[in-house]
Amino acid sequence: MEENKFTFVKLEESAAEHIAAPHYSYWKSVFRRFFSNKVAITMLIIALAITLMAFIQPLFSGYDPLDKEFINTPSMWYLPPSLEYPFGTDQKGMNMFDAVWAGTGMSLKIAFIATTISTVLGVIVGAFWGYSKKLDVIMIEIYNIIYNVPFTLVVMILMYILGQGQWQLIFALSCTSWLGTAYFIRVQVMIIRDREYNLASRCLGTPTSKVIKHNILPYLISVIVTSVARDIPNFISYEVFLSYLGVGLTEAEPSLGRMVQNYVQFIQAPNASYMFWIPICVCAMISISLYIVGQTLADASDPRTHMI
Amino acid sequence: MKRYVLGRIIRSVISIMVVTCAVIVLVFMGVPRDRIFRQDQASLQKLASKPDELTNYRYNKWEDIGYLDFQPLSEMCTNSSDDYAACMVPGSDEFNRVVEQYEADGYTITEYETSDLVFASRDYSPLELVWNFLTSFIEIDHPNVIQDADNPDLERRIYIGSDFNGIPAVKCTGCEHEYLIYFDSSFPFIHQNWIQLNFGESYPTFQRRDTLEVISSGQGELVNAPTTFPNGTTGNSTLNLHTCTYKPTASMDRMDLNKFDTNYANCMSNYSSPSMINLSYIFGIAALVLAYLIALPAGIIMAQKKGKWQDKLGIIYVNIMISVPSLAFIFFMKLIGNSFGLPDKFPQLGFQDIRSYILPVIILALLSTASLMIWVRRYMVDQSNADYVKFARAKGLSQSEIFNRHILKNAIIPIVNGIPGQIILCISGSVITESVFAIPGMGKMLPDAIKANNNTMIVTLTFIFTALSIFSLLAGDILLTFVDPRIQLSSKGETR
């Protein structure tokens, strides 16, 4: 053994502190996981296409459900789908293409706003509810009273009291569903709250805000995404359902539910049943695609699935 | 256990009453009261040329429904004046005194449009609304209810007798109803008139009938059947003698005297179709049974073949069912059903034809299968990793034996708990299914009542639906302790 085969290496203090772990970024992993699912990508494209169409097309068409321009022009009635009228026209000569996109836009708007309100409110209240035992005593009683009542019933009665309209519907949907989200979050917070690492954190004197921000919230992301993924298609479904029953939106507001209600009479008509099936199909497509995108995103946002 | 159940029942009742009272306050305070006349334009138009009668009509209706206390001048004078004649003259001293007295009591005095007479009205406060509802809510029939000056010798007692068919029944004279408890061939076979719930009159649809009567009495055409009347005569009649109530002697006519030997001659009729409430029960129960018949085997197969094509197919089905809006699903199923020759709407073939029921029941059942299937699968998969399963496998039992004898028994526990909870789903499902198929049931009644601004009906339906769902949850918990004796609802000693 010869001494010149060795060289001296300077001792690096910081290298000893370095933990040899692969670089991990939460959001990068979420997206890598999400984009590895081909069905989810297809559904994302469909959902994006429908969403963009629903919000941009009405800006150009200026569709108004009360506009009866061609009501006395029989040549404009019952035109089957063609290049000029991709979805055809209805019994009053209205362009179905404009109507469907305006209605979809309204449904999406209601679903997005109601989901945002109920999620934000639900997460904030749920986090405190799970963390404070005093609040729990009161909240659980309120929850027991309200949760036992069928959701449909509460929304319908609220719509009756508030009157029809989009903002009333958003209010009715979000003020009945936030409690469910809050309860969901409360259970999750309670599970995580007393875990050993949180106890350790608290023993070491970490302030509560930091515990919530660093130890609890990251855990909740996948739970929140799951609840959002469930809420959006649900709300779309509810808008269609209530408008169909005639207690949702007014005549003056474009809506898929009202279209279904108006055109259900043509379901048996051999040449006019497209009027009924097009809104139903668009409504089904949008909620299926949003649901699958949401479910995949929820799976991907769970850090436990990020292990390689 | 008994204490726990009693406590739960008390809490459930409180819960129901809180919800009902909240709905009453919201509906009566929140909805503009002119809206109730929207569906009653015919009556309003008839009175349009007589503004004073129109005012009276409107205020009387509001009083009937429970919005306010309405007193026309004649009533004001009878109530608070000794000199009726002087009081009825507008401008007189007595008149001014009565008016001032009413104003001091919080009444609003309004002058009629054409005549110079006045009337007093006072809106109920939310507390009074709730109080009025609660005090008149339960009516218990007892032998001293009937006060008829023309019939001073009315016997007053409750006794066990037999009805017109010779079946034993608890009868009463002096009560409002002749039969307090009786049996017959229609569901639920034992009926009572002892305790009646009072929700007020239905308006503007189904006018002059109690809301509960509207949804619980038969529908369709009257049915003639050979009947033996209480005084022995026989004949064809539509009357349902079980429902007879007291008729004051003054209003008994010759027809009544021919048939009845007592004053209980005010009977309801037999109808060809079941009542709204019964129709909804038929659909609900049939759909519930069918849902379990489909979802239990499907969920078990999915768990047994986890990861294979059966499982994947089931998961696709569940995802589609959850994500597709129920309305779209219903119409899609309806299209398939119609191509098999099933009717498009319930009234097309009517309630006697079994084909009217098939499609709505299948749709209602399928709507609730998705969540059931996914839970059955979840529980069974969770159980299949338990130690006792490994042990059973080590003993050499076959896979199907393990699944059917061991896992199913344990996995069924949470599912049994969910059976009554499925009723809640059936309620929501029934609202839309009944509307789509035009089934005259309670589910369709709710949106109809909302569209017609029928306040009392909305309160009634809220009460029924809330009570159904709350008690079904309680029943689910009690059922749990029967299926699994290890589970105790009340904790002994320590509290969590």
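Throughout this document, residue positions are counted from 1 along each chain, in the order its sequence is written. Chains carry letters from A onward and ligands carry numbers from 1 onward, assigned in written order. With pLDDT at 70 or above as the cut-off, local features in this predicted model cover only qualifying residues; side-chain atom pairs require 80 or more to be listed or tallied, and sums for whole chains, interfaces and linings still use all residues. Side-chain figures throughout are based on the complete set of non-hydrogen atoms in the structure, without hydrogens or water.

**Focus on the overall build of chain B**
Counting secondary structure elements, chain B contains 18 helices and 15 strands. Taking the principal axes of its C-alpha atoms as reference, chain B extends roughly 100 × 60 × 55 Å. Per-residue burial over chain B gives 46% buried out of 496 residues. Note on definitions: a residue-residue contact is assigned when non-hydrogen atoms from the two residues lie within 4.5 Å. Put simply, 63% of the contacts in chain B that link residues at least 6 apart link residues at least 24 apart. Calculation of accessible area relied on Shrake-Rupley with a 1.4 Å probe; when residues are assessed, cover is drawn exclusively from the protein chains displayed. For chain B, the accessible area works out to roughly 25100 Å², and carbon and sulfur atoms hold 58% of it. The charge count includes Lys and Arg as positive and Asp and Glu as negative, but it does not include His or the ends of the chains. A charge is said to be at NZ when it belongs to Lys, at CZ for Arg, at CG for Asp and at CD for Glu. Considering chain B, the positive charge centre built from 40 side chains and the negative charge centre built from 48 side chains are found 21 Å apart. Strands here are runs of E lasting at least two residues and helices are runs of H or I lasting at least four, both read from the DSSP assignment and numbered beginning at the N terminus. Buried, partly exposed and exposed residues are distinguished by accessible area as a fraction of the type maximum, computed with a 1.4 Å probe on protein chains only: under 20%, between the cut-offs, and over 50%, respectively.

**Some words on the sheet that holds strand β1 (residues 68-72) of chain B**
Residues and elements named next belong to chain B. For two strands to be treated as a pair, DSSP must find no fewer than two bridges joining them. With antiparallel pairing, the 3 strands of this open sheet are ordered in space as β1-β3-β2. In this open sheet, the two strands that pair with only one neighbour each are β1 and β2 (108-111). The average angle at which neighbouring strand axes cross in this sheet is 25°, direction not considered. Strand contacts of helix α4 (residues 73-80): β1, β2 and β3 (118-123), with the helix running at about 90° to β1, the strand carrying the most contacts. Helix axes are fitted only over the stretch in contact, all axes being lines through C-alpha atoms; the angle between N-to-C directions runs from 0 to 180 degrees.

**Some thoughts on a nonpolar patch on the surface**
Residue and element names in this part refer to chain A. Each patch is built from salt-bridge-free residues with over 30% relative accessible area, joining like charges within 9 Å and nonpolar side chains (Val, Leu, Ile, Met, Phe, Trp, Tyr) within 5 Å. Salt bridges, as used here, are contacts in which a Lys or Arg side-chain nitrogen is within 4 Å of a carboxyl oxygen on Asp or Glu. The grouping of Leu52, Phe55, Ile56, Leu59 and Phe60 at the surface amounts to a nonpolar patch, some 580 Å² of accessible area in total. You can see Phe60 is positioned in helix α3 (residues 38-61). You can call Phe60 exposed: its relative accessible area is 73%.

**Here's the deal with unusual backbone geometry**
Residue and element names in this part refer to chain B. The amide bond that connects Tyr203 to the next residue, Pro204, takes the cis arrangement and shows omega of 5°. For Pro204, the location among the structural elements is in the loop between β9 (195-197) and α8 (211-216). Phi at Ala438 is positive, roughly 55°, even though this residue is not glycine. The topology assignment puts Ala438 in the loop between α16 (399-437) and α17 (442-452). On the basis of relative accessible area, Ala438 is assigned to the partly exposed category, the value being 22%. With phi around 55°, Asn453 is a residue other than glycine that occupies positive phi space. Here Asn453 is to be found in the loop between α17 and α18 (455-483).

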